[in-house]
Amino acid sequence: MSILVRNIPNIITCCNLICGCIATGAAFHHNFTTTFIFILLGATFDFFDGMTARALGVSGKLGVELDSLADIVTFGVAPSAMIFTLFTEVRYPELIYNSFWFTVMPFTAFIMAAFSAMRLAKFNIDERQHTTFIGMPTPANAIFWAALISSSEAYLTSPMFNAPFLLAFVIMFSWLLVCEIPMFSLKFKNMTWKDNKRKYVFLILCVLFLGISAAAGTACGQTFTYISRGIAGCIGLYLFQSILCSYMKNEEQ
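The shown structure was predicted, so the numbers you read here are calculated from the model rather than taken from an experiment. Numbering of residues begins from 1 in every chain and follows the order in which that chain's sequence is written. pLDDT decides what is reported in this predicted model: residues at 70 or higher carry local features, side-chain atom pairs at 80 or more are listed and counted, and totals for whole chains, interfaces and linings draw on all residues regardless. The side-chain numbers reported here are obtained from all heavy atoms of the structure, hydrogens and water having been left aside.

Novice: Give a description of the packing of aromatic side chains that names residues and reports values.
Specialist: Note on ring pairs: Phe, Tyr and Trp rings are taken, using the six-membered ring of Trp, and paired if centres are within 6.5 Å. Classes follow the plane angle, with under 30 degrees stacked, over 60 edge-to-face and the rest tilted. For the coordinates displayed, the defined rule picks out 19 aromatic pairs. Between F36 and F224, the ring centres sit 6.0 Å apart and the planes meet at 65°, which makes this aromatic pair edge-to-face. One end of the pair, F36, is in helix 3 (residues 32–56); the other, F224, is in helix 10 (residues 223–252), and 188 residues separate them in sequence. Between W145 and F173, the ring centres sit 5.5 Å apart and the planes meet at 75°, which makes this aromatic pair edge-to-face. Residue W145 is found in helix 7 (residues 138–156), and its partner F173 is found in helix 8 (residues 163–178); the two are separated by 28 residues along the sequence. The burial state of W145 is the same as that of F173; both residues are buried. Helix and strand assignments follow DSSP, with helices taken as H or I runs no shorter than four residues and strands as E runs no shorter than two, numbered in order from the N terminus. Burial classes: relative accessible area under 20% of the type maximum marks a residue as buried, over 50% as exposed, and values in between as partly exposed (1.4 Å probe, protein chains only).

Quick look at the structure:
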């Protein structure tokens, strides 16, 4: 096998990293739509690098480490950069309406980047996460924030929202990244309904939800905005379904 063929998965991973760098730069320049698109592209490359490595039989430690480094940028730094920029635009209550908080508060966005790195490090050494996840996957977290901010900036910067609320959400999602709540993976070992009922229900609901979002967006000439909100809603559904199933399982025990 040639050197080029052996490194195809690493090349795909590097494409993920480049997407993350572009997404981060776009976020700092307030181009949230571009950030969202490149986070999605990065997630696509992230999906195919592991699949390609397994197909070629070239999985190795280098690929694992490179994948984690790329994911930190695309799914940790890029969404944090979006939140950083959003902090410069959101409303600040009178109690903290001063230059100190205007300067300091935006940097709290990078709490999420730190917890994303911790999540990825835990994933690499946690033997429980081969078929399911423990805590929210970093791609899901990044896609949620990118979809939400790119589609709902007007609401997030309106009087109905403010900087303390944004900080509270940053802290909550940072905790979700490293919590001990089991969350299902969309990897299929087989296609039977019995073994994949939870996944099929989720996918069916997502298709319906996105279809309704696309139809509503087309009707009012805001297709991209509504589909983005639909994607954010699907991630919210994923969290709700995972937490509910975990709770029901604990109750049965």
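Novice: Help me get a handle on the pattern of salt bridges, residues and values and all.
Specialist: When a carboxyl oxygen of Asp or Glu lies within 4 Å of a side-chain nitrogen of Lys or Arg, that pair is called a salt bridge. In this structure the tally under the stated criterion is two salt bridges. Linking E180 and K122 is a salt bridge whose minimum nitrogen-to-oxygen distance equals 3.5 Å. Taken together, the residues span a long stretch of sequence, with E180 in the loop between helix 8 and strand 2 (182–184) and K122 in helix 6 (residues 111–125) at a distance of 58 residues. Residue R128 is joined to E180 by a salt bridge in which the shortest nitrogen-to-oxygen separation is 3.0 Å. Residue R128 is located in the loop between helix 6 and strand 1 (132–134), and its partner E180 is located in the loop between helix 8 and strand 2; the two are separated by 52 residues in the primary sequence. A relative accessible area of 46% places R128 in the partly exposed class. One network of salt bridges, with partners in common, ties together K122, R128 and E180.

Novice: Residue-level account of unusual backbone geometry, with values.
Specialist: Among all residues except glycine, the phi angle is most often negative; among peptide bonds, the trans geometry is most common. Phi at H30 is positive, roughly 65°, even though this residue is not glycine. With respect to the element layout, H30 can be found in the loop between helix 2 (8–28) and helix 3.

Novice: Residue-level account of the packing of helix 6 against helix 8, with values.
Specialist: It is at 8 Å that the axes of helix 6 and helix 8 come closest, and there the two elements cross at 5°. Judged by the inter-axis angle, helix 6 sits roughly parallel to helix 8. Packed against helix 6, whose contacting residues are I111, M112, F115, S116, M118, R119 and K122, the element helix 8 presents V170, F173, S174, L177 and V178 at the interface. The nonpolar class holds Ala, Val, Leu, Ile, Met, Phe, Trp, Tyr, Cys and Pro. Asp, Glu, Lys and Arg form the charged class, and all remaining residues, Gly among them, are polar. Among the residues forming the contact of helix 6 with helix 8, the class breakdown is eight nonpolar, two polar and two charged. Between the N-to-C directions of two axes lies an angle of 0 to 180 degrees, each axis being a line fitted to C-alpha atoms and, for a helix, fitted only over the stretch in contact. Note that the term roughly parallel is reserved for angles under 35 degrees, roughly antiparallel for angles over 145, roughly perpendicular for angles of 65 to 115, and oblique for everything else. Contacts between residues were defined by any pair of non-hydrogen atoms, one from each residue, lying within 4.5 Å.

Novice: Quick one: what's the story with the packing of helix 2 against helix 3, residue by residue and with numbers?
Specialist: Following both chains from N to C, one finds helix 2 and helix 3 inclined at 170°, their axes separated by 8 Å at the closest point. It follows from the interaxial angle that helix 2 and helix 3 lie roughly antiparallel. The interaxial crossing formed by helix 2 with helix 3 has left-handed handedness. Taken together, the residues of the contact of helix 2 with helix 3 break down into 17 nonpolar, six polar and two charged. In this scheme the handedness of a crossing depends on how the near helix is turned from the far one: anticlockwise by less than a right angle means left-handed, clockwise means right-handed.

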